[in-house]
Every structure is written in structure tokens, then in C-alpha cells.
Amino acid sequence: MRVNLDKKASIPRKGPSPKTGLGRFVLKLRQRKIITTLAAFIGGGWLLLEFVHWLLIDHYHLPETLLDITFLTTLCALLSTLTWRWFREGERKARKIKPEYILIPVLIASALLFDVRLFLRMGKGDREAHAVAAPQWLNSIAVMPFADLSRANDQDYFCEGMAEDIRTKLTRLSSRLKVIARYAMRQYKTSQKSVREIARELGVETILEGSVQKEGDRIRVNAQLINARDESHIWADLYDRKVASVFDVQDEISLAIVKSLEIKLAPGAEASLGAGRPRSVEAYEYFLKGQYIINSAYAISGLDRDFERSLEMYKKSFEVEPDYALAYVGLGWAYEYKYSFTRTPEIHELALEYAKKSYDLDPNLSETNSAGGYYFFNRNALDRSFDCYRLALGLNPNRIEILHAIALSYSRLGLYPQAIKFYRRLLDLSPGYLFAQGNLATIYLYSGDQENAADLIRKVMTASPDNPVYILDEAEILLWRNKPTEAKIILERAAKIGRQARSPFTFSYLRAALAALNGDRDLALAESRSPDVYALLGMKDESIQALKDISRKIPAINNYYYLDLLHNPFLDKLRDDPRFREIVAAQKKVYDGLVKKYGDL
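The shown structure was predicted, so the numbers you read here are calculated from the model rather than taken from an experiment.

### With respect to the overall build of the protein
Turning to step 1, where the next piece is worked out: Of the regular secondary structure elements, the protein holds 28 helices and 6 strands.
Turning to step 2, where the next piece is worked out: For the protein, the residues scored as buried account for 49% of the 601 residues in total.
Turning to step 3, where the next piece is worked out: Within the protein, contacts between residues at least 6 apart in sequence are counted, and of these 62% link residues at least 24 apart.
Turning to step 4, where the next piece is worked out: Accessible area of the protein: about 29,800 Å², with a carbon and sulfur share of 55%.

In C-alpha cells:
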């Protein structure tokens, strides 16, 4: 029997050839295993991307850029395989030109090029979020606390108010002039350091020194602008006026400074100097006294008697001038300070009430728009809130109260990179501002940057070791870093100074986390039944249910945002649970939506 060696004759025919062009094309795809290859890559690629996303990124916190690299590499492998199969599987005769030998290397080289670029940029987004988002300064100035030369030496509040109002007016005149805020200047009030030393510490090129002598209805203001490099005088002047002319004096000094520094005024800046000015100097003085007590006493002590003294001054100011919008801004922030100490909802409501009142009285000021934005934010009217913030920034982009309100709002939405940007910008204008540093430390923590959080809270606690606002933040950072022994010492010190009475929920939560880390189940559950505590105790079902209950709340009051879930070490035992992954994925969608809608300030 003869064997037929003709290859063409040996290929069995499975039926008639397709008559249409589409049919013939589909037949070629089948013969060259294109469809099989596509199915294999779609299934395998999906599994690979899920592995990278859930294990490497969500569990081990590797950068999300890794997902882009994986997708690009998989796509390159797919296209290269399809190219090979199309040309090689369909080959029936010798070819002089073989496109696959050109196309496949080009695909691989292109993928490698883009992968390398993505790899080099890996983590750049996080670094950019921590960068200072400030304009390019044309010049910089620190306005020193004005000296009180009055005979009775009882005009400290007036001197501080004079210096602060000049700072505010300078920020209105030019957004390109860096003006150091009052919080950074307190330490230099009695300092013996030279102008050059102070300027170097604050990072400024000029210093304004001044003095005020107030006797009866007369004031004498002496001001001099100094070049910090050689301590030479750039400009100086003496103003001898009636107290009623104090606002004119502030305007003249501010304009003289900007002119001396040869900085171009912002459009409409000079006209803005009178914005928010009260009609009564008496109301202004009471406002200054109230603000002075809050900033120099209550913000440091947290004592009710200091707050009540301040409140009395604000009330007298409103008796004289009931529609004094900027005084209501100050009173709102005073109550916000009190809320940070007490965490009493009623106090927070009062803060919001006065913020809204200031906005209603004058919605055209940067300060009142900042207050209004904060009010609307806390009422979950986010669109209106961020409209106010945009207007406030347009009117005065370097006013730290505005930056602070925006940073607080971003942090309470879980948009930590945006909050970090504004806190860093704020601290550029107010170095050493403890309130901002303490908040920034916790935001670093929730963003997964434990090292920066620990460094910053250490600086805060060194400056104010028993400050009731931050002592529990330090304990939380230590617990996140798995240092229960050190955290226990902090919590014991907090109990001794009565911190647990001021923030009972936070104190109980931290005590519960400490007990759970030490394996004391009964004590942990007696103190708190939060998702974190359940997870630390290995109670997955209870923790998942608690997280689901919280995730149903509106974003503005949710304490378990996407980045918190991503970085919280207390939840590590849940990371392999599909239910937890679903919660994280849902919060990721919320996070992305918020960034898209509100992350552009």
C-alpha cells in the first residue's frame, strides 16, 4: 500500500469554504488561534491585575502605578503573541519580508520605554502631594510684634492688632508677597535675636519693626522696614494721629511697604484695604481684645476662664456694632478652638452659627467666604462650600485662616493629599503653627506616611508637651507604629491631666486599641466596639459589619475613608477577606468622585 506524501492532499476538509469576506476572516482567526489567545489573555490578565491590586497595592501598600505597569506589560505580551500567531500560524510559503520580526521588537521596546518612565515616576504623585503649593514669591516680609510704648504699658492687644492688620492688608495688596502670619511671630516678641537671625529662621528677606504709643485719643506709630541681609533701612516713617485714624495709618504703612519693595499691586488691591472695616473704633478695640485673649491665652491653656474673658469682649464689640462681620468670623473661630478642646457638638454648632452670620452680613470678604465655606461644608452643601472657598482664595490666596478652613474640609472628606498641600502652604506662611502641625501629623498618618507623622508630632509635643489637643494624637501614632508600651505611657499621662474627660470617645478608643494589641479582649470591648478593635481581636464578621454600617453614612462624617482603609494597620487581618475588598473598592469610587469634583482648589 502506497502512502500519499502530498501534504495538501493530507489536510482533511471540514466543509465548504465560507463565501463571505467576514466568514473567511473569522476562519483565519480560528485557524491561527487568535480567538483562543484573546480568551486566555483576558482571563489570565484579569487575574493578574486583581492579584496586583488587592495583594500588592491594597495589602502591602505598593504604589498604584504598579497597576499601570502591569496592564501595559500584559497588553504588550498580548499584542506580541497575536502578531506572532497571525503571521507564523498562517504561513504556507516562504516570505522574503517577515513583519513579525519588526513589529514585535517595536512593541516590546515601546512597552519597556513606557514601563521605565512609569517606574521612575512611581511615588512622584505622593511627593507632589507633600510639596508646598505656593506661588513664586517676589519678596517676603515678617511683621514683628509692635512694641507697646504707652505709659501704662496696657496696650499689648492694640499693638498685636496693629501688626496683624498690617499683615492682612499686605496679603491683600499682592499675592506675590510672602507675609509670615502672626502665629509664627509670637516667639520673637521678647526675643533678643538679631534681625538677620530672625529672617533666616523664618525664610524672609525683610523685617518690619514698629512701636505704638497710645494715650487718650492719640496714637503715635513708628515703623521701619529693614533689609535682613545687611540690616539696612529700606523705609521708615512716623505717624502721629488720632485713634480714629488708626485704619488710615495701617493703609499708609502697608502701601509704603509694597511701594518700597517695588511690587506691583494686584488689580483693585488698594480699594480692598477698607473691606470689612468697622464704623466704630470702640467696637474694633473690643474685637482686638477678644482675639488677643483667644490667641495668647485660650489657644495655649484651653481653660474655660480664658474663653469666657474673650467671649465678654466679643459681646461688648457687638453691643457697639451689631453687624461687625469680621468680629463674627473671629468669634466663630474662637468657638472652633473650644470645640477642638471639648468635642462638644453644641459648641461646634455655635461655631457654625457665627460663621454663617458673618457670611450673611458681608458675603464679599475673603474671611467671610472662608467662614461660609466651612459652614456649608458642615451642612454637607459641598458645592456651595467649595464655591465659597474658590471665591475666598481669589480674594486673598495667602490668608492662613482660609487655607486652614480648606485643609480641614479636605481632611474631613478623606482627601488627604489635597489637605496636605494646603497645610504645607499654610505652614510656609506660619512656621511652627502648632494647630496646623498637629493636624498635619494625623493626616500624614492616615495617608500611610508614619515617619513624617511621628517626626511632626514629636516637634509639637516638644513645644507643648501637655497640650490637650495633641497628646492623644501622639498616642494614636504610637499605636499605629506598633509601640504599645510607649503609647500606654502617653495615655496614662493623658489621664493624669484630665484629657480623657475632654475627649472621652477618643480616649476610650485608644485604650481599647491598646488592650486589643495586648490581647486583653474583655477590656478592649468594654472600652470600644469600633471596626479597628474588632479587627485587632480577630472578630472579622463584627468588624466587617461595623464598617458596612459606617460606610452607609454620608462622606462628610465617615471616619473610614479610602486612604484610611488602605493604610490602617489595625485592619490588616481583614485584607484577605472579599467583603473587606468590596468595602475598599466602594470607598475608592467615592474618593475618586470627590477628587474629580472638589480636588482642584
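### A few points about the packing of helix H10 (residues 281-301) against helix H11 (residues 304-320)
Turning to step 1, where the next piece is worked out: At a closest axis distance of 8 Å, the pairing of H10 and H11 adopts a crossing angle of 165°. For the element pair H10 / H11, the angle class is roughly antiparallel. H11 is crossed by H10, and the crossing has left-handed handedness. For the pair formed by H10 and H11, the contact residues are Glu 282, Ala 283, Tyr 286, Phe 287, Lys 289, Gly 290, Gln 291, Ile 293, Ile 294, Ala 297, Tyr 298 and Ser 301 on the first element and Asp 304, Asp 306, Phe 307, Arg 309, Ser 310, Met 313, Tyr 314, Lys 316, Ser 317 and Val 320 on the second.
Turning to step 2, where the next piece is worked out: Residues belonging to the contact of H10 with H11 are distributed by class as follows: 11 nonpolar, 5 polar and 6 charged.

### Topic: the nonpolar core
Here is a general trend for soluble globular proteins: nonpolar side chains tend to be buried in one another's company.
Turning to step 1, where the next piece is worked out: Ranked by size, the top nonpolar core spans 160 residues in total, and within it Phe 146, Leu 208, Ile 253 and Ile 257 carry the most contacts.
Turning to step 2, where the next piece is worked out: Among the elements that line this core, the one with the most residues is helix H12 (residues 325-342), at 11 residues.
Turning to step 3, where the next piece is worked out: Residues within four places of Ile 253 in sequence aside, it is in contact with Ile 166, Leu 208, Val 221, Ala 223, Trp 235 and Tyr 239.
Turning to step 4, where the next piece is worked out: Tyr 188, Val 195, Ala 199 and Leu 202 belong to the second-largest nonpolar core, a separate cluster that totals 14 residues.

### Some words on the pattern of salt bridges
Pairing is possible between side chains of opposite charge, provided their charged atoms come close.
Turning to step 1, where the next piece is worked out: In total, this model carries 36 salt bridges according to the counting rule given.
Turning to step 2, where the next piece is worked out: Between Asp 428 and Lys 178 there is a salt bridge; the shortest N-O distance is 3.1 Å. Placement of Asp 428 in helix H17 (residues 416-429) and of Lys 178 in strand S3 (residues 177-179) is noted, with a sequence separation of 250 residues between them.
Turning to step 3, where the next piece is worked out: Note on Lys 178: relative accessible area 8%, which makes it buried.

### Section: the environment of Leu 523
Turning to step 1, where the next piece is worked out: Looking at the secondary structure, you find Leu 523 in helix H24 (residues 521-527).
Turning to step 2, where the next piece is worked out: Looking at Leu 523, the relative accessible area reads 33%, which means it is partly exposed.
Turning to step 3, where the next piece is worked out: With 12 residues separating them along the chain, Leu 523 and Arg 511 place their C-alpha atoms 8.5 Å apart.
Turning to step 4, where the next piece is worked out: Sequence-distant contacts of Leu 523, that is, excluding residues within four places in its chain, are made with Arg 511 and Ala 515.

### Structural notes on the environment of Tyr 354
Turning to step 1, where the next piece is worked out: Of note, Tyr 354 is situated in helix H13 (residues 345-361).
Turning to step 2, where the next piece is worked out: Using a relative accessible area of 18% as the deciding quantity, one classes Tyr 354 as buried.
Turning to step 3, where the next piece is worked out: Along the chain, Tyr 354 and Gly 332 lie 22 residues apart, while their C-alpha atoms are 4.9 Å from each other.
Turning to step 4, where the next piece is worked out: Here Tyr 354 is in contact with Tyr 328, Leu 331, Gly 332 and Tyr 335, once residues within four sequence places are set aside.

### Quick notes on the side chain of Glu 367
Turning to step 1, where the next piece is worked out: Position of Glu 367 among the secondary structure elements: in helix H14 (residues 366-378).
Turning to step 2, where the next piece is worked out: If near-sequence neighbours (up to four positions away) are discounted, Glu 367 is found in contact with Thr 168, Arg 172, Leu 326, Val 329 and Arg 399.

### Re the pairing of strand S1 (residues 139-143)
Turning to step 1, where the next piece is worked out: Of all 5 residues in S1, 5 are buried, a share of seventy percent or more.
Turning to step 2, where the next piece is worked out: What you see with S1 is no split at all: Asn 139, Ile 141 and Val 143 on one side and Ser 140 and Ala 142 on the other are buried throughout.
Turning to step 3, where the next piece is worked out: Sheet analysis places S1 next to S3, joined by 3 bridges and oriented parallel. Considered in S3, the bridge of Ile 141 is made with Val 179.
Turning to step 4, where the next piece is worked out: Pairing between S1 and strand S4 (residues 206-215): 3 bridges, direction parallel.

### Some thoughts on the side chain of Ser 211
Turning to step 1, where the next piece is worked out: Within the secondary structure, Ser 211 is located in strand S4.
Turning to step 2, where the next piece is worked out: Taking the relative accessible area as the measure of exposure, Ser 211 reaches 11% and is therefore buried.
Turning to step 3, where the next piece is worked out: Non-local contacts of Ser 211, meaning those with residues more than four positions away in its chain, are made with Phe 146, Ala 147, Leu 149, Arg 220, Val 221 and Asn 222.

### Focus on the packing of H14 against helix H16 (residues 400-412)
When two helices pack together, you describe them by how their axes are tilted relative to each other and by the distance separating the axes.
Turning to step 1, where the next piece is worked out: Between H14 and H16, the least distance of the axes is 9 Å, while the angle of their chain directions is 15°. By the angle class used here, H14 and H16 are roughly parallel. In this structure, H14 crosses over H16, and the sense of that crossing is left-handed. Only Glu 401, Ile 402, Ala 405, Leu 408, Ser 409 and Arg 412 of H16 make contact with H14, whose side of the interface consists of Ser 366, Ser 370, Tyr 374, Phe 377 and Asn 378.
Turning to step 2, where the next piece is worked out: When the residues that make up the contact of H14 with H16 are grouped by side-chain class, the tally is 5 nonpolar, 4 polar and 2 charged.

### Examining a nonpolar patch on the surface
Turning to step 1, where the next piece is worked out: Together, Trp 84, Tyr 101, Ile 102 and Val 106 line one region of the surface with nonpolar side chains, adding up to about 420 Å² of accessible area.
Turning to step 2, where the next piece is worked out: The leading source of residues in the nonpolar patch is helix H5 (residues 100-120), at 3 residues.
Turning to step 3, where the next piece is worked out: Among the secondary structure elements, Val 106 is positioned in helix H5.
Turning to step 4, where the next piece is worked out: Residue classification places Val 106 among the partly exposed positions, given a relative accessible area of 48%.

### With respect to the packing of aromatic side chains
Turning to step 1, where the next piece is worked out: In this structure the tally under the stated criterion is 24 aromatic pairs.
Turning to step 2, where the next piece is worked out: An angle of 65° between the planes, with centres 5.4 Å apart, marks the rings of Tyr 337 and Phe 435 as edge-to-face. Pair noted here: Tyr 337 is in helix H12 and Phe 435 is in helix H18 (residues 434-446), with a separation of 98 residues, a long-range link.
Turning to step 3, where the next piece is worked out: With relative accessibility at 11%, the residue Tyr 337 sits in the buried group.
Turning to step 4, where the next piece is worked out: Measuring from centroid to centroid gives 5.6 Å for Phe 386 and Tyr 389, while their planes differ by 90°, and the two rings are edge-to-face. Pair noted here: Phe 386 and Tyr 389 are both in helix H15 (residues 382-395), with a separation of 3 residues, about one helical turn.

### Describing the environment of Cys 388
Turning to step 1, where the next piece is worked out: Relative to the assigned elements, Cys 388 resides in helix H15.
Turning to step 2, where the next piece is worked out: Put simply, Cys 388 and Asn 369 are 19 residues apart on the chain and 5.1 Å apart in space, counted from C-alpha to C-alpha.
Turning to step 3, where the next piece is worked out: Those residues in contact with Cys 388 that lie beyond four places of it in its chain are Tyr 359, Asn 369, Gly 372, Gly 373 and Phe 376.

### Observations concerning the pairing of strand S6 (residues 232-242)
One face of the sheet, then the other: side chains in a regular strand alternate in exactly this way.
Turning to step 1, where the next piece is worked out: In this structure, strand S5 (residues 218-227) lies alongside S6, joined through 10 bridges in antiparallel fashion. If you follow Arg 220 over to S6, its bridge partner there is Asp 240.

### Describing the confidence of the model for the protein
Turning to step 1, where the next piece is worked out: Of the residues in the protein, 88% reach a pLDDT of 70 or more, and the chain-wide mean stands at 86.
Turning to step 2, where the next piece is worked out: Below pLDDT 50 for its whole length, residues 1-13 participates in 1 contact with residues either more than four positions away or in separate chains.
Turning to step 3, where the next piece is worked out: Here residues 123-134 scores under 50 on pLDDT; set against residues more than four positions off or in separate chains, the count is 19 contacts.

Quick notes on the rules
Residues numbered from 1 in each chain as written. Predicted model: local features only at pLDDT ≥ 70, side-chain atom pairs only at ≥ 80, totals over all residues. Heavy atoms only, no water. Helix = DSSP H or I, 4+ residues; strand = E, 2+ residues; numbered from the N terminus. Buried < 20%, exposed > 50% of the residue type's maximum accessible area, 1.4 Å probe, protein only. Contact = heavy atoms within 4.5 Å. Areas by Shrake-Rupley, 256 points an atom, 1.4 Å probe, with all protein chains shown as cover. Axes fitted to C-alpha atoms, helices over the stretch in contact; angles between N-to-C directions. Parallel < 35°, antiparallel > 145°, perpendicular 65-115°, else oblique. Left-handed = near helix turned anticlockwise from the far one by under 90°. Nonpolar A, V, L, I, M, F, W, Y, C, P; charged D, E, K, R; others polar. Core = buried A, V, L, I, M, F, W, Y, C linked by side-chain atoms within 4.5 Å. Salt bridge = Lys/Arg side-chain N within 4 Å of Asp/Glu carboxyl O. Pairing = 2+ DSSP bridges. Patch = residues over 30% accessible without salt bridge, like charges linked within 9 Å, V, L, I, M, F, W, Y side chains within 5 Å. Phe/Tyr/Trp six-rings, centres within 6.5 Å; stacked < 30°, edge-to-face > 60°. pLDDT = per-residue confidence, 0-100.

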